[in-house]
Amino acid sequence: MSNLEIDSLINEISKLPGFGRKSAQRITLFLLKNKSKALVPLIEKLKTANDKIINCEICFNIDTVTPCSLCESNKRDHLTICVVEDISDLWTLERIGFYKGLYHILGGNLSAVNGIGIDDLSINKLINRVKDNNIKEVILALSTNMEGQTTSHVIADKLKSLDVEVSKLAQGVPIGGEFQYLDENTISTAFQSRKSIL
Amino acid sequence: MRFFENIKLENFRNFNNYYLSFNQKCNVFYGLNGSGKTNILEAISLFEKGRGIRKDRYENMINKNQNSNFFKVISTFVSANNKIDLELKSELKDNRYKKIIKVNKSISIENYNYFENLFSLIWFLPEMERIFLQSPSVRRNFLDRLVYNTDKSYVKLLRKYNNRIIERKNLLYKEKPDAEWINKIEFDIVDLGILIYKKREEYINSLNNELKNLNLTKENFFKIKLNIKDSFINKIDNKDNLEDMYFKQLSHNRNEDMISGGCKIGPHRSDILGRDLIKNFSLDLFSTGQQKTFILQIILAHCNILIKSFNLQPIVFFDEVCSHLDDKNRAILLELIETLNVQIFLTGTDNNSFSFLSTNANYCCIE
Ligand SMILES: Nc1ncnc2c1ncn2[C@@H]1O[C@H](COP(=O)(O)OP(=O)(O)OP(=O)(O)O)[C@@H](O)[C@H]1O
Ligand SMILES: [Mg+2]
Ligand SMILES: [Zn+2]
């Protein structure tokens, strides 16, 4: 391997979220020093992930099947949907484990400045999903920042004409993307004291 | 009494390693042009949020003659019997310079909030003499700064409002903006815009009140009164359904705003005008020196408000204040320095021009 190839590997790793140049170097060296113990298994796992992991066509969660196992589970309440920004928020809620409904991954928040519009998010899919499945409650668990608030409001507005309860988590709790940093009590309290916004 | 007790500059602007101690009342920096007087004021001003009196970039504040990549400003702030240690440092992160402020050796936000709410910086810069001749945005910024002095959260309100205005502009560029989305943005603009209008009006009212009561009867002072000129809000007599009308007007203006790329109505279009009630003249018709008096009167009234209504310690900078100093202007400065409990910093090229001050001012020759 020439220096150029090592460099480009370091470069690729440093593009991953949370990695700087320094940590990318450390990881590269570690992988190269431990080819059979670390590098080969990693290559295999990455390949499997690439081949098998797909987005759920209904809720945009990731899984090896679509619809995903959450959407297909008969242990879940199929009349409630919790809307989150990102899959990591779904993971947080699943780890805590008190929420038993379905999910909808939005993929971000509306921001005209950053060029993220209605069609860049799964908003219309959500509306159709609510319509087609007689959903009874939609819980909006998006960020409390301006973009998150705007997005919540816009979704609620679009659901207004449908026969569905729309609620937001209790105020003052940072949610959406920030979920992972909260303790379980805070999140479940916010969930329990959610407010109807229509 | 609260005040900055001293300052130490490391690699800041033209200073390499520089220490000055201050008097709690009146400090005079004199020295040749370019000696660094304004730089010292700038360094103190960095202890507030924002980029200081010049609004310059932090990298420009690092001493270019030294081989260093950061600057540091260290100071002690005295509040009653408490001494607060301040340390401010530039830091390069992700290719951008930021400033880090430690209050009592800690970067915790609680410590900073506590410190920030002890004082308010007010500054007079030479260009402010011409404020009534300049564009409305200059006067608007001047007013916003005064409001900010009374309420530090005001800057957040302005930021949110501007963010919504930009968001609306971007949405209007889209071929067919989503109806619910643009409605929500305009609702936000109405809410935030009304808050800004209110804050400014409240402040202007208390300022006018204070200007009326200024204890400056000895000289023939001006009786100035400020008012807000705004093509939208001034036309509305009945403020009961202000929200509705604001919202309707915004929706109505969409097409026009799309073409102009702006937003025709709102507090970002307001202007601040003033009159002298004795001559009944608009303030911009007075001479340069007289216009300086207006600003000094406003600053004096403002300091009174901060002390009386907000329990905030004003700390006032007068950069190059000595031009156009007639008896009136001197009287205001003396009132500020001698009657009010305010820490003041004055700069000028010649220490003789400060001879009107009492002798207990702290004279610092900057060289
Ligand atoms: N980053 C920097 N590194 C080194 N010198 C700088 C830097 N930035 C500004 N200076 C210098 O600092 C000097 C002093 O500036 P300052 O504006 O404080 O002077 P002053 O004493 O207020 O002068 P005046 O009486 O003209 O207002 C200027 O000569 C300027 O070139
Ligand atoms: Mg100067
Ligand atoms: Zn699914």
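1. Observations regarding the overall build of chain A
Summing up its helical and strand segments, chain A has eight helices and seven strands in all. Counting only C-alpha atoms, chain A reaches 65 × 35 × 35 Å along its principal axes. For chain A, with 198 residues in total, the buried portion stands at 28%. A fraction of 54% describes how many contacts in chain A between residues 6 or more apart in sequence connect residues 24 or more apart.

2. Comments concerning the overall build of chain B
Scanning chain B for helices and strands turns up nine helices and 13 strands. For 367 residues, the compact-globule estimate of 2.2 N^0.38 gives 21 Å, and the C-alpha radius of gyration of chain B, at 22 Å, lies within 12% of that figure. Dimensions along the principal axes, computed over C-alpha positions, put chain B at roughly 65 × 55 × 35 Å. Residue pairs at least 24 apart in sequence account for 71% of intrachain contacts in chain B once pairs closer than 6 positions are excluded.

3. Remarks on the domain arrangement of chain A
Annotation of chain A at the domain level lists domain 1 (3–52) and domain 2 (62–196). Centre-to-centre separation of domain 1 of chain A and domain 2 of chain A, based on C-alpha positions: 33 Å.

4. Observations concerning the confidence of the model for chain A
When the pLDDT values of chain A are averaged, the result is 90; 92% of them are 70 or greater. Element-level mean pLDDT values for chain A span from 77 in helix α8 (residues 184–192) of chain A up to 98 in strand β4 (residues 102–105) of chain A.

5. With respect to the nonpolar core
Ala-43, Ile-299, Cys-303, Val-316, Phe-318, Leu-336 and Ile-344 of chain B are the most contacted members of the largest nonpolar core, which has 60 residues in total. At eight residues, helix α8 (residues 288–310) of chain B tops the list of elements feeding residues into this core. When residues of this core are assigned to domains, at least three fall in each of domain 1 (1–118 + 313–367) and domain 2 (130–311) of chain B. Excluding its chain neighbours within four sequence positions, the residues that come into contact with Ile-344 of chain B are Lys-25, Cys-26, Asn-27, Val-316, Phe-318, Leu-336 and Ile-337 of chain B. Counting residues in each nonpolar core, the second largest holds 52 residues, with Cys-59, Val-83, Val-84 and Val-154 of chain A among its members.

6. Considerations on the pairing of strand β6 (residues 96–103) of chain B
Residue and element names in this part refer to chain B. Of the pairings in the sheet, the one linking strand β5 (residues 82–93) to β6 comprises eight bridges and is antiparallel in character. Counted as the bridge partner of Lys-89 is Ile-100 from β6. Here β5 folds back onto β6, and the loop between the two strands holds two residues, one of which, Asp-94, carries a positive phi near 50°.

7. Digging into the domain arrangement of chain B
The figure often quoted for interface size is the accessible area lost as the parts come together. All names here are of chain B. Splitting chain B by domain gives domain 1 (1–118 + 313–367) and domain 2 (130–311). The C-alpha centroid of domain 2 is placed 29 Å from the C-alpha centroid of domain 1. Tallying the contact residues gives 17 residues for domain 1 and 17 residues for domain 2. When the residues that make up the side of domain 1 that touches domain 2 are grouped by side-chain class, the tally is eight nonpolar, three polar and six charged.

8. With respect to the sheet that holds strand β11 (residues 313–318) of chain B
Residues and elements named next belong to chain B. Strand order in the open sheet made by the five strands is β7-β11-β12-β3-β13, with parallel pairing throughout. Of all strands in the sheet, those with a lone pairing partner are β7 (119–124) and β13 (362–365), marking the two edges. Neighbour-to-neighbour, the strand axes of the sheet open up by a mean angle of 15°, direction not taken into account. Taken together, the six bridges between β7 and β11 define a ladder with parallel strand orientation. When the bridges of β11 are listed, Phe-124 appears paired with Phe-318. α8 contacts β7 and β11 of the sheet and is inclined by roughly 175° relative to β7.

9. Notes on unusual backbone geometry
Backbone torsion omega between Thr-66 of chain A and Pro-67 of chain A reads -5°, so that peptide bond is classified as cis. Mapped onto the elements of the fold, Pro-67 of chain A is located in the loop between β2 (62–63) and α4 (69–72). With a phi close to 70°, Lys-105 of chain B is a non-glycine residue in the positive phi region. The residue Lys-105 of chain B is located in the loop between β6 and α2 (109–116) in this model.

10. Digging into the packing of helix α7 (residues 146–159) of chain A against helix α5 (residues 179–213) of chain B
Where α7 of chain A contacts α5 of chain B, the axes come no closer than 9 Å and their chain directions differ by 130°. The pairing of α7 of chain A with α5 of chain B is recorded here as oblique in orientation. Seen from above, α7 of chain A lies across α5 of chain B with right-handed handedness. Of α5 of chain B, the residues touching α7 of chain A (which contributes Thr-150, His-153, Val-154, Asp-157 and Lys-158 of chain A) are Glu-180, Trp-181, Lys-184 and Ile-185 of chain B. For the contact of α7 of chain A with α5 of chain B, the residue count by class is three nonpolar, two polar and four charged.

11. Some details on the sheet that holds strand β1 (residues 2–10) of chain B
Residues and elements named next belong to chain B. With respect to topology, five strands assemble into an open sheet ordered β2-β1-β4-β5-β6, the strand pairing being antiparallel. Looking at strand neighbours, the two that pair on one side only are β2 (17–21) and β6, the edges of this open sheet. Geometrically, the sheet is characterised by an average inter-axis angle of 20° between neighbouring strands, direction not taken into account. Sheet contacts for helix α1 (residues 37–45): β1, β2 and β4 (72–79); angle to β1, the most-contacted strand, approximately 115°. In the packing of α2 onto the sheet, contacts are made with β4, β5 and β6, and the angle to β6 comes to roughly 80°.

12. Observations concerning the environment of Asp-151 of chain B
Residue and element names in this part refer to chain B. In this structure, Asp-151 sits in the loop between α3 (136–150) and α4 (154–173). On the neighbour-count criterion, Asp-151 (16 C-beta atoms within 10 Å) is partly exposed. Separated by 34 residues in the primary sequence, Asp-151 and Asn-117 have C-alpha atoms spaced 8.9 Å apart.

13. Focus on the confidence of the model for chain B
All names here are of chain B. Mean pLDDT over chain B works out to 93, with 99% of the residues at or above the 70 mark. At the low end of the mean pLDDT range in chain B sits helix α9 (residues 327–339), at 88; at the high end sits α1, at 98. Reported confidence for the predicted complex is 0.78 by ipTM and 0.87 by pTM.

14. Brief notes about α3 of chain B
Along an α-helix, residues three or four positions apart point the same way, because every turn accommodates 3.6 residues. Taking 1.5 Å of rise per residue, the 15 residues of α3 of chain B would be expected to cover 21 Å, and the 22 Å separating its terminal C-alpha atoms lies within 8% of that figure. Restricting attention to buried positions, one finds in α3 of chain B the residues Arg-139, Leu-143, Asp-144, Leu-146, Tyr-148 and Asn-149 of chain B.

15. Points about the packing of helix α2 (residues 21–33) of chain A against helix α3 (residues 35–52) of chain A
Residue and element names in this part refer to chain A. Contact pair α2 / α3: the axes reach a minimum separation of 6 Å and the direction vectors enclose 110°. On the basis of their axis angle, the class for α2 and α3 is roughly perpendicular. Along the contact surface, α2 presents Phe-30, Leu-31 and Leu-32, while α3 presents Lys-35, Ala-38, Leu-39 and Leu-42. Partitioning the contact of α2 with α3 into residue classes produces six nonpolar, no polar and one charged.

Procedures and definitions
Residues numbered from 1 in each chain as written. Chains lettered and ligands numbered in written order. Predicted model: local features only at pLDDT ≥ 70, side-chain atom pairs only at ≥ 80, totals over all residues. Helix = DSSP H or I, 4+ residues; strand = E, 2+ residues; numbered from the N terminus. Buried ≥ 20, exposed ≤ 12 C-beta atoms within 10 Å, placed from the backbone. Contact = placed C-beta atoms within 7 Å. Rg over C-alpha atoms; globule rule 2.2 N^0.38 Å. Domains from an automatic or database assignment. pLDDT = per-residue confidence, 0-100. Core = buried A, V, L, I, M, F, W, Y, C linked by C-beta atoms within 7 Å. Pairing = 2+ DSSP bridges. Nonpolar A, V, L, I, M, F, W, Y, C, P; charged D, E, K, R; others polar. Axes fitted to C-alpha atoms, helices over the stretch in contact; angles between N-to-C directions. Parallel < 35°, antiparallel > 145°, perpendicular 65-115°, else oblique. Left-handed = near helix turned anticlockwise from the far one by under 90°. Expected span 1.5 Å × (residues − 1).

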